[in-house]
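Descriptive analysis of the structure
Chain by chain, the residues run as shown.
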Amino acid sequence: MSHPQTTSRYQAAPLSDPGSGAAPRHVALIMDGNGRWAAKRGLPRFEGHRRGVEALRRAVRAAGELGILYLTIYSFSSENWRRPESEVSDLMNLLRRFVRDDLAQLHEAGIRIKVIGERGNLAPDIRSLLEEAENLTRDNGRLVLQIAFNYGSRQEIARAARLIAADVAGGRLAPDAINADLFADYLDTAGVPDPDLVIRTSGEQRLSNFLLWQSAYAEFVFLPIHWPEFDRSSFEAAIAQYASRDRRFGGTSSKERPL
Ligand code: IPE
Ligand code: IPE
Ligand code: MG
């Protein structure tokens, strides 16, 4: 089913005019609605997930063209283990296939892969694939593709607290030194700026345990399409909504427009 690609999926030159200069630096995608997309067409859920991988490839390519520097994708949540075993196994296999088929092209396109989430309970071959992807691409600088896999934000925050507690107990960290910036350094996302824009497809308007800490000042766009339908124009529409927002970060408006 998968055949080697002769043309690159990701090698896209940034546009000479990527927009109004208002492109978000970091976009996070909650890729939701694969199952409903398939159900609407009388297809098995797996077909929705398979088409979801194609939408992901379009999204990564578009992100590069639109001048986005960090793209985080929610691929499998800590809670997705609650799904039937056969679906969990389909999702694991799609990740395997995505890394095997696309890693070389992602690397050639200058994309750095970073994985966030709990690795401990993943299959050893998946852990190795994820490590291989991170190691191969670690010096790339065009776009950071942060893959949230077996990721849950509350679990990530609890893990950070555990690491901090161990450093305090070991005498390496003074309790007084713990503040928001230090805490962020213990999260899986350490070193990556907070998302500017979080996009969720499928019409659901919730975070589902995604980047709770990091999204403190993100803008949210909820698109009424299912993930397999996501394309360059949906991405541009979400960015246009983002560009029209007035981000205040608790301060006063930079635009000062009347109501
Ligand atoms: C998103 O689509 C993919 C994952 C969560 C892995 P869903 O599988 O959640 O599709 P819906 O929400 O059931 O339609
Ligand atoms: C969120 O979607 C997780 C991913 C997109 C990977 P879900 O489909 O799992 O979220 P809920 O269950 O509808 O909240
Ligand atoms: Mg869903």
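To be clear, the structure that these remarks concern was listed above.
Reading the values: rules and limits
- Residues numbered from 1 in each chain as written.
- Chains lettered and ligands numbered in written order.
- Predicted model: local features only at pLDDT ≥ 70, side-chain atom pairs only at ≥ 80, totals over all residues.
- Heavy atoms only, no water.
- Helix = DSSP H or I, 4+ residues; strand = E, 2+ residues; numbered from the N terminus.
- Expected span 1.5 Å × (residues − 1).
- Buried < 20%, exposed > 50% of the residue type's maximum accessible area, 1.4 Å probe, protein only.
- Arc of directions from axis to C-beta.
- Contact = heavy atoms within 4.5 Å.
- Near = heavy atom within 4 Å.
- Polar contact = N/O pair within 3.5 Å; in protein donor to acceptor, adjacent residues only side chain to side chain.
- Areas by Shrake-Rupley, 256 points an atom, 1.4 Å probe, with all protein chains shown as cover.
- 1 Å grid on protein atoms, 1.4 Å probe; cavity = no way out; pocket = protein on both sides within 12 Å on 5 of 7 lines; lining within 4 Å.
- Sits in = over half its atoms within 2 Å of the grid points.

**Considering helix H5 (residues 153-169)**
- With 17 residues, H5 ought to run about 24 Å at 1.5 Å a step, and its terminal C-alpha atoms sit 24 Å apart, in line with that.
- Inspection of H5 places Ser153, Glu156, Arg159, Ala160, Ile164 and Asp167 among the buried residues, and these make up the whole buried set. Each buried residue of H5 sits inside an arc of 135° when the element is viewed along its axis, so together they form one side. Away from the buried face of H5 by more than 90 degrees, exposed residues Arg154, Arg162 and Ala169 are located.
- Against strand E4 (143-151) and helix H6 (180-185) lie the buried residues of H5.
- Two residues or fewer past H5, Gly171 is found with a positive phi of approximately 80°.

**A closer look at the site of ligand 1**
- In the neighbourhood of ligand 1, 13 residues make up the surrounding shell, with Asp32, Gly35, Arg36, Arg45 and Arg83 lying closest.
- The side chain of Arg45 places a nitrogen or oxygen atom 2.9 Å from an oxygen atom of ligand 1.
- About the coverage of ligand 1: the protein hides 86% of its 380 Å² of free accessible area.
- A majority-of-atoms criterion places ligand 1 in the largest pocket.

**Considering the site of ligand 2**
- Looking at ligand 2, the residues that line it are Ile30, Met31, Asp32, Tyr74, Ser75, Phe76, Asn80, Arg83, Arg200, Arg206 and Ser208.
- Asp32 places a side-chain nitrogen or oxygen 3.1 Å from an oxygen atom of ligand 2.
- Contact between ligand 2 and Arg200: an oxygen atom at 3.3 Å from a side-chain N or O atom of the residue.
- Coverage of ligand 2 by the protein amounts to 78% of the 390 Å² it exposes when considered alone.

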